[in-house]
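# Analysis of the macromolecular model
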Amino acid sequence: MTHLLIAEDEEQIVTFLSRGLHDAGFTTESVTTGPDALAHAATGAFDLMVLDLGLPQMDGMEVLARLRAQGCTLPVVILTARDTVGDTVAALQSGADDYLRKPFAFDELLARIRVRLRAHAVVGEPESLRAGAVCLHLRTRRIQVEPGPWHDLTTREFALAEQFLRHPGQVLTRQQLLSSVWDLDFDPGTNVVNVYVSYLRRKIGEDRIETVRGSGYRLRPQ
Amino acid sequence: MIPRPRTMQGRVTGWVLLLVTVTLSLNLLAVAVYLHERNQAAIETELEHEAVKFRRFLNSVDAAETDSVARVLHAYVQQAFPDTREAILGVVDGVTTYRTPGLGEGSLTLDSSLVSRAMRAQEPFTVSVDGDHGHALASVIPVRQSAPAGQQGALVIVESAQEQQQGITDTVQVLGLVGLAAISLTGMVSWLIAGRVAAPLRQVVRTAEAIDARALSARIPTDEGDLDEDVIAMATTFNRMLDRLEAAVESQRDFLDDAAHEMRTPLTIIRGHLETMKHRSGDDVATVRLLVGEVARMDRLVSDLLILAKAARPDFLNRHAVDLDDLVVRAVATASALGQREWRVIGTAQARVLADEQRLTQALMQLTANAVEHTRPGDTIAVGVECQRDWFELSVTDSGPGVPLADQERIFDRFQQGNRSGTRNGTGLGLAIVRSIAQAHGGSASVTSAPAGGARFTLRLPRHDVAEPSSDLLDAVPQ
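Let us look at the structure shown here. (Residues numbered from 1 in each chain as written. Chains lettered and ligands numbered in written order. Predicted model: local features only at pLDDT ≥ 70, side-chain atom pairs only at ≥ 80, totals over all residues. Heavy atoms only, no water.)

## Comments concerning the overall build of chain B
Broken down by element type, chain B carries ten helices and twelve strands. Split into buried and exposed, the 479 residues of chain B put 42% on the buried side. Contacts in chain B between residues far apart in sequence, at least 24 positions, make up 64% of those at least 6 positions apart. (Helix = DSSP H or I, 4+ residues; strand = E, 2+ residues; numbered from the N terminus. Buried < 20%, exposed > 50% of the residue type's maximum accessible area, 1.4 Å probe, protein only. Contact = heavy atoms within 4.5 Å.)

Dropping the structure here:
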């Protein structure tokens, strides 16, 4: 049975969270202060914590920071009624796994909790992808053509490079790339793929990615 | 005309230089005039002395000899031994007949007007004679023969002032050079001193420049070294003003955060309870959906109001490098879920600019949602990007009914329930937010009629390029 910790000081919110999570098949326990949240989370009895940022005595960000400082990897989904962009960044940087702004759709909370529980169970993606001399480091988002220097990639350049390295030697059509890199399931008549392929070529060499006339692009296998 | 110095340092130095230059020039002028006068007086004394010698000579010569002017003059010129600065000439009947060597190597000639004046004169007189030999004074002593048809004559004693004049010129030159050196030195020193005095001012300016909402804690140091009391007073006043500003900004930030929290908590409770309610009948399901929809709308209103409240704050934007092509394509990808339309991307920027990606995306989402609202399935909505040298433009063009000219300015105002801005699901704040996002970036938002008849909303923003991260520096292999 999956056991969840709810750290939230607003009684009425705890009520519906417990009810909804029970209906979804989880067991829950709730605490209303920061120190209690920290103490309970550190016991190891829980599979995930839903953490409100505005807790009394010790705010959620502090709880999270101390928890991570203790080496606890318990997945944490943050709830907050604040909406500054800085808060999002700070929460994720201090080790939150996900972030939901109040008021939220309950189904979305459920979906995020399930994703976090699954992700926590999966172990070991490779550190890097490799095709011939081209090496893409997944965590640092850098690319290298051995034995050359490492290049930083922007988010989108990285996503594009990842597609090529996961399918070396394979022709990837513009539509495939639009879909996997930009989530576009149709072509709105943009040449963004060409633009980004040219950015990538600038970093790994012009001839590494070849244009297959009329169909798409291909990473040379060696 | 010298341009007016703009800085305090420049102005102080300018005035000091002016003052010193005027003082030294007056000084120099006074010295020159005084020396010249003294020189003139000395020469006149010398001439007087010569004249006395001549009169004594006249008295001493034989009466027989005095009957001839020419002879008298001849005799006197013969026995005279002038030094090199003097010349003694005898003029008889308008002709320079005798002369001593010395000044002018004997080539000194007298001006004809001087000669004729000497012939007419009854009394001795002194004039300036300037020429090849430089500045000189001449003393003319007329000599008359007692006999009725006798000769007219005059003795002319010329005393050169050249040597003394040269001395004055040299003195003035030396004084001038010393003065110039003094002026340069004064200029440099006063520049340095004025710079030191103005340094706290520049510190204030630097501090003020460094201040935005994220760094309101900067203060001007008041305990550094040997600051003057008035400078410390100024810095302290400025710091106190910063204290008040910081407190105001913080309290406003706290107020907005608290307001957000207080408004959203009841909304969260209502929505959560509605969504987790059990034993719902068919009617209830419809009611719950309606209520959840209303809560969501209320939430959007809260968010929109907060955004507008923050829009004027300096920390409204969070600027980073934004790739414009990526921004536009992802906006289309997200917006395409809003409705079945012909979605288009127009233009390519190939530029990375400094901007707030989230806010720009928010503006594009607002405009695309607006476009979806006013078009039907199958209509075209195009998101465009255009880059020029100093600005870039993001646009959303639709093939809907467009915005009447009369409404094109008004619809950007708050709570304007025009045909375009106030929509069924909107809060009436959407376009006001779009405008404030554009303005926070230093640009503007506008709407025009598209050539095909629909509406074309445009954000025109100043372009600040961000260089590609320098990858050559990253040689280390990440572990």
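Here the narrative resumes.
## Observations regarding the overall build of chain A
Scanning chain A from terminus to terminus reveals eight helices and twelve strands. By the burial criterion, 48% of the 222 residues in chain A qualify as buried. Long-range contacts, defined as pairs at least 24 residues apart, comprise 51% of the intrachain contacts of chain A with a sequence gap of at least 6. Accessible surface computed for chain A: about 9800 Å², of which carbon and sulfur atoms make up 48%. (Areas by Shrake-Rupley, 256 points an atom, 1.4 Å probe, with all protein chains shown as cover.)

## Observations concerning the interface of chain A and chain B
On the side of chain B, 45 residues touch chain A, which itself brings 46 residues to the contact. Between chain A and chain B lies a buried interface of about 4100 Å² when both sides are counted; carbon and sulfur atoms form 55% of it. Looking only at chain A, the three residues that lose the most surface to chain B are Arg19(A), Pro103(A) and Trp150(A), adding up to 15% of its buried area. Between Arg101(A) and Asp299(B) there is a salt bridge, and its shortest N-O distance comes to 3.5 Å. Across the contact surface, chain A and chain B share 15 residue pairs in polar contact (both at pLDDT 80 or more). Sorting the residues of the side of chain A that touches chain B by element identifies helix 1 (11–23), strand 9 (150–152), helix 6 (155–166) and helix 8 (192–204) of chain A as the ones contributing at least two each. Of the residues forming the side of chain A that touches chain B, the biggest block, seven residues, is contributed by helix 1 of chain A. Considering only residue class, the side of chain A that touches chain B consists of 18 nonpolar, eleven polar and 17 charged. (Buried area = accessible area lost by both parts, 1.4 Å probe. Salt bridge = Lys/Arg side-chain N within 4 Å of Asp/Glu carboxyl O. Polar contact = N/O pair within 3.5 Å; in protein donor to acceptor, adjacent residues only side chain to side chain. Nonpolar A, V, L, I, M, F, W, Y, C, P; charged D, E, K, R; others polar.)

## Details of the environment of His151(A)
Residues and elements named next belong to chain A. Note on placement: His 151 falls in strand 9. By relative accessible area, which is 10% here, His 151 ends up buried. His 151 sits 49 residues away from Leu 200 along the chain, and the two C-alpha atoms are 9.9 Å apart. Within polar-contact distance, the side chain of His 151 engages the backbone oxygen of Lys 203 at 3.2 Å.

## Focus: the pattern of salt bridges
Enumeration over the complete set of coordinates arrives at 31 salt bridges over all chains. With its nearest N and O atoms 3.2 Å apart, the salt bridge here joins Arg68(A) to Asp97(A). Placement of Arg68(A) in helix 3 (residues 60–69) and of Asp97(A) in the loop between helix 4 (85–93) and strand 5 (98–101) is noted, with a sequence separation of 29 residues between them. Relative accessible area serves as the criterion here: at 21%, Arg68(A) is assigned to the partly exposed category. When the shortest N-O distance is used, the salt bridge between Lys53(B) and Glu50(B) registers 3.4 Å. Taken together, the residues Lys53(B) and Glu50(B), both in helix 1 (residues 8–60) and three residues apart, mark about one turn of the helix. For Lys53(B), a relative accessible area of 35% translates into the label partly exposed. Glu50(B) gets classed as buried once you look at its relative accessible area, which sits at 5%.

## Brief notes about the sheet that holds strand 1 (residues 86–92) of chain B
All names here are of chain B. An order of 2-1-5-4-3 is seen for the five strands of this open sheet, with the pairing classed as antiparallel. The open sheet is flanked by strand 2 (95–99) and strand 3 (125–128), the only strands paired with a single partner. Within this sheet the neighbouring strands show an average axis-to-axis angle of 30°, counted without direction. The pairing of strand 1 with strand 5 (residues 152–160) spans seven bridges and is antiparallel. Residue pairing across strands places Val 92 opposite Gly 153, the latter belonging to strand 5. Where helix 1 meets the sheet, it contacts strand 1, strand 3, strand 4 (136–144) and strand 5, and its direction lies at approximately 25° from that of strand 4. Contacts from helix 3 (residues 69–79) reach strand 1, strand 2, strand 4 and strand 5, with the element oriented near 165° to strand 1. (Pairing = 2+ DSSP bridges. Axes fitted to C-alpha atoms, helices over the stretch in contact; angles between N-to-C directions.)

## Concerning the pairing of strand 5 of chain B
Residues and elements named next belong to chain B. Within strand 5, eight of the nine residues are buried, which leaves the element mostly enclosed by the surrounding structure. By the bridge criterion, nine bridges tie strand 4 to strand 5 in an arrangement that is antiparallel. Directly across from Val 143, in strand 5, lies its bridge partner Gly 153.

## So, the packing of helix 6 of chain A against helix 8 of chain A
Residue and element names in this part refer to chain A. Packing of helix 6 against helix 8 brings their axes to within 10 Å, and their N-to-C directions diverge by 80°. It follows that helix 6 is roughly perpendicular to helix 8 by the angle criterion. Taken together, the residues of helix 8 that come into contact with helix 6 (itself represented by Arg 156, Glu 157, Leu 160, Ala 161 and Phe 164) are Tyr 196, Val 197, Tyr 199, Leu 200 and Lys 203. When grouped by side-chain class, the residues that make up the contact of helix 6 with helix 8 number seven nonpolar, no polar and three charged. (Parallel < 35°, antiparallel > 145°, perpendicular 65-115°, else oblique.)

## Here's the deal with a negative patch on the surface
A cluster of acidic side chains, namely Glu250(B), Asp254(B), Asp258(B) and Glu262(B), defines a negative patch on the protein surface. Relative to the elements of secondary structure, Asp254(B) occurs in helix 6 (residues 229–276). (Patch = residues over 30% accessible without salt bridge, like charges linked within 9 Å, V, L, I, M, F, W, Y side chains within 5 Å. Lys, Arg positive; Asp, Glu negative; His and termini not counted. Charge placed at Lys NZ, Arg CZ, Asp CG, Glu CD.)

## Some points on the nonpolar core
Across soluble globular proteins, nonpolar side chains have a tendency to be buried as a group. Counting residues in hydrophobic clusters, the biggest one holds 82 residues, and the most contacted among them are Leu136(A), Phe164(A), Leu324(B), Leu394(B), Phe457(B) and Leu459(B). Setting aside residues no more than four positions away along its own chain, Leu324(B) makes contact with Ala349(B), Ala351(B), Val353(B), Val385(B), Cys387(B) and Phe392(B). Ala7(A), Leu53(A), Leu55(A) and Met61(A) belong to the second-largest nonpolar core, a separate cluster that totals 23 residues. (Core = buried A, V, L, I, M, F, W, Y, C linked by side-chain atoms within 4.5 Å.)

## Section: the side chain of Gln408(B)
Residues and elements named next belong to chain B. Looking at the secondary structure, you find Gln 408 in the loop between strand 10 (391–398) and helix 10 (430–440). Owing to a relative accessible area of 12%, Gln 408 belongs among the buried residues under this scheme. Ignoring any residue separated from it by four or fewer positions in sequence, one finds Gln 408 in contact with Val 403, Val 447, Thr 448 and Ser 449.

## Here we look at the side chain of Thr80(A)
All names here are of chain A. Residue placement: Thr 80 occurs in strand 4 (residues 76–80). The class of Thr 80 is buried, set by a relative accessible area of 2%. Excluding its chain neighbours within four sequence positions, the residues that come into contact with Thr 80 are Asp 52, Leu 53, Tyr 99, Leu 100, Arg 101 and Lys 102.

## Section: the sheet that holds strand 9 (residues 380–387) of chain B
Residue and element names in this part refer to chain B. Pairing is mixed across the open sheet formed by five strands, whose spatial order is 7-9-10-12-11. Of all the strands in the sheet, the pair left with one neighbour each is strand 7 (342–346) and strand 11 (444–449). With strand direction ignored, the average angle separating the axes of adjacent strands in the sheet is 15°. As judged from the six bridges shared by strand 11 and strand 12 (residues 455–462), these two strands associate in the antiparallel manner. Its bridge partner lying in strand 12, Val 447 is registered against Phe 457. Seen against the sheet, helix 8 (residues 324–335) touches strand 7, strand 9 and strand 10 and runs at an angle of roughly 170° to strand 9.

## Digging into helix 9 (residues 357–373) of chain B
All names here are of chain B. Compared with an ideal rise of 1.5 Å per residue, which puts 17 residues at 24 Å, helix 9 spans 24 Å between its outermost C-alpha atoms and is within 8% of the ideal. Residues of helix 9 that are buried: Arg 359, Leu 360, Ala 363, Leu 364, Met 365, Leu 367, Thr 368, Asn 370, Ala 371 and Val 372. Residue Asp 356 occupies the N-cap position of helix 9, its side-chain oxygen lying 3.0 Å from the main-chain nitrogen of Gln 358. (Expected span 1.5 Å × (residues − 1).)

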